Amino acid sequence: MSAKLSNAQIAWRAAQDIEDGAYVNLGIGFPEMVAKFQPPGKQAIFHTENGVLNFGEAPAEGEEDWDLINAGKKAITLRPGAAFFHHADSFGMVRGGHLDVAILGTYEVAENGDLANWSTGPKGVPAVGGAMDLVHGAKRVAVITDHVTKDGKPKLVKKCTLPLTGVGCVTRVYTSLAVLDIEGGRFVLREKLPTMSVADLQAVTGAEMVLPDQIGDLVAPEL
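Before going into details, it helps to say that this report is about the structure given with it. For clarity, every value in this text was computed on a predicted model and none was experimentally measured.

### What about unusual backbone geometry?
The phi angle of most residues is negative, glycine excepted, and most peptide bonds adopt the trans form.
Link 1 in the chain: Of note, the phi angle at Asn-54 is positive, near 75°, even though the residue is not glycine.
Link 2 in the chain: Along the polypeptide, Asn-54 turns up in strand β3 (residues 52-55).
Link 3 in the chain: Accessibility expressed as a relative area gives 11% for Asn-54, which makes it buried.
Link 4 in the chain: Here the phi dihedral of Lys-73 falls at roughly 65°; this positive angle occurs in a residue that is not glycine.
Link 5 in the chain: For Lys-73, the location among the structural elements is in the loop between β3 and β4 (78-84).
Link 6 in the chain: When its relative accessible area of 66% is taken as the criterion, Lys-73 is described as exposed.

See the structure below:
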């Protein structure tokens, strides 16, 4: 397989598509990195399920205020105009359709937009969190992920085999090798690493990709 993007580079690429002023929820773990890479002249308003709107970057080590944390229990800072609210009000925002974008991690995503990101099966530790609400409350749901599992199996599949988080909810996938939209129940290739052939990419993708006339180069800065 060709060289791939790092997690930071995947997060950077996803950040480029967030509109200025968008209300955004980032999944716990890897997706939290997206907040570091706001494009110049754009500023998203980040929401966290435990009740903060418009939080900023992580504080410097040693300067944390542990009364200020996100849903992943990581220290945050506040931007001007930040607001605090009850957990129930936070989920009211999610379920009420007030979030523009949710960016989540995944174990599997299917070509019809089904998402499996909360359990690895009977032996896994269930950790659903707010994901089931987010995938059907946010106006747009994107996924960031390595293109394959640690043992080289596709994470982009024809049909999910793991327990579902949501049905038909994902519209764009950012991976270590490509950017794909989900349209009409198919993966549509939008960008790929310039060093990787379409055939090699298809070989590590578990469903047939649609190939439009124009496929961009997936390029990210060194981070």
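### Section: the sheet that holds strand β9 (residues 156-157)
Link 1 in the chain: Read from one edge of the open sheet, 3 strands run β7-β6-β9, paired in mixed fashion. This sheet does not close on itself; its edge strands, each paired only once, are β7 (115-116) and β9.
Link 2 in the chain: Across 2 bridges, the pairing between strand β6 (residues 108-110) and β9 is parallel. Counted as the bridge partner of Val-109 is Leu-156 from β9.

### Some thoughts on the pairing of β3
Remark: a regular strand shows side chains that alternate across the two faces of the sheet.
Link 1 in the chain: In the sheet, strand β2 (residues 45-48) pairs with β3 via 2 bridges, with the strands oriented antiparallel. Bridge pairing in β3 places Thr-48 opposite Val-52.
Link 2 in the chain: The antiparallel pairing of β2 with β3 creates a hairpin that spans 3 residues between the two strands, and Gly-51 there sits at a positive phi of about 110°.

### Concerning the nonpolar core
Link 1 in the chain: If you look at the biggest cluster of nonpolar residues, it comprises 56 residues, and the most contacted ones within it are Val-24, Val-34, Ile-103, Ile-144, Val-170, Val-173 and Phe-187.
Link 2 in the chain: If you tally residues by element for this core, the top one is helix α1 (residues 7-15), at 5 residues.
Link 3 in the chain: Apart from residues no more than four positions distant in its own chain, Val-170 is found in contact with Val-109, Gly-113, Leu-115, Val-141, Val-143 and Ile-182.
Link 4 in the chain: Counting residues in each nonpolar core, the second largest holds 5 residues, with Ala-116, Val-157, Cys-160 and Leu-162 among its members.

### A look at the environment of Glu-208
Link 1 in the chain: If you trace the backbone, Glu-208 turns up in the loop between α4 (198-203) and β13 (209-210).
Link 2 in the chain: Residue classification places Glu-208 among the exposed positions, given a relative accessible area of 54%.
Link 3 in the chain: Separated by 155 residues in sequence, Glu-208 and Leu-53 place their C-alpha atoms 39 Å apart.
Link 4 in the chain: In this structure, Glu-208 is in contact with Glu-111, Arg-186, Phe-187 and Gln-202, ignoring residues within four places of it in sequence.

### Considering the layout of surface pockets
The rolling of a water-molecule-sized probe over the atoms marks out the regions of remaining empty space.
Link 1 in the chain: If you add up the space inside the largest pocket, you get close to 600 Å³.
Link 2 in the chain: What lines the largest pocket is a set of 28 residues, and nearest its centre among them are Ile-28, Gly-105, Thr-106, Tyr-107 and Asn-117.
Link 3 in the chain: Those elements giving two or more residues to the lining of the largest pocket turn out to be α3 (131-137) and β8 (140-145).
Link 4 in the chain: When grouped by side-chain class, the residues that make up the lining of the largest pocket number 13 nonpolar, 10 polar and 5 charged.
Link 5 in the chain: For the second largest pocket, the calculated volume is near 320 Å³.
Link 6 in the chain: Lining the second largest pocket are 22 residues, with Glu-32, Met-33, Ala-35, Asn-70 and Lys-74 positioned closest to its centre.
Link 7 in the chain: Elements represented by at least two residues in the lining of the second largest pocket include exactly β1 (23-26) and β2.
Link 8 in the chain: A per-class count over the lining of the second largest pocket returns 10 nonpolar, 7 polar and 5 charged.

### With respect to the side chain of Ser-176
Link 1 in the chain: The residue Ser-176 is located in the loop between β10 (172-175) and β11 (178-183) in this model.
Link 2 in the chain: Other than its neighbours up to four places away in sequence, Ser-176 contacts Lys-4, Leu-5, Ile-10, Thr-145, Asp-146, His-147 and Leu-193.

Cut-offs and rules
- Residues numbered from 1 in each chain as written.
- Predicted model: local features only at pLDDT ≥ 70, side-chain atom pairs only at ≥ 80, totals over all residues.
- Heavy atoms only, no water.
- Helix = DSSP H or I, 4+ residues; strand = E, 2+ residues; numbered from the N terminus.
- Buried < 20%, exposed > 50% of the residue type's maximum accessible area, 1.4 Å probe, protein only.
- Pairing = 2+ DSSP bridges.
- Core = buried A, V, L, I, M, F, W, Y, C linked by side-chain atoms within 4.5 Å.
- Contact = heavy atoms within 4.5 Å.
- 1 Å grid on protein atoms, 1.4 Å probe; cavity = no way out; pocket = protein on both sides within 12 Å on 5 of 7 lines; lining within 4 Å.
- Points joined across faces, edges and corners; volume = space filled by probe spheres on them.
- Nonpolar A, V, L, I, M, F, W, Y, C, P; charged D, E, K, R; others polar.

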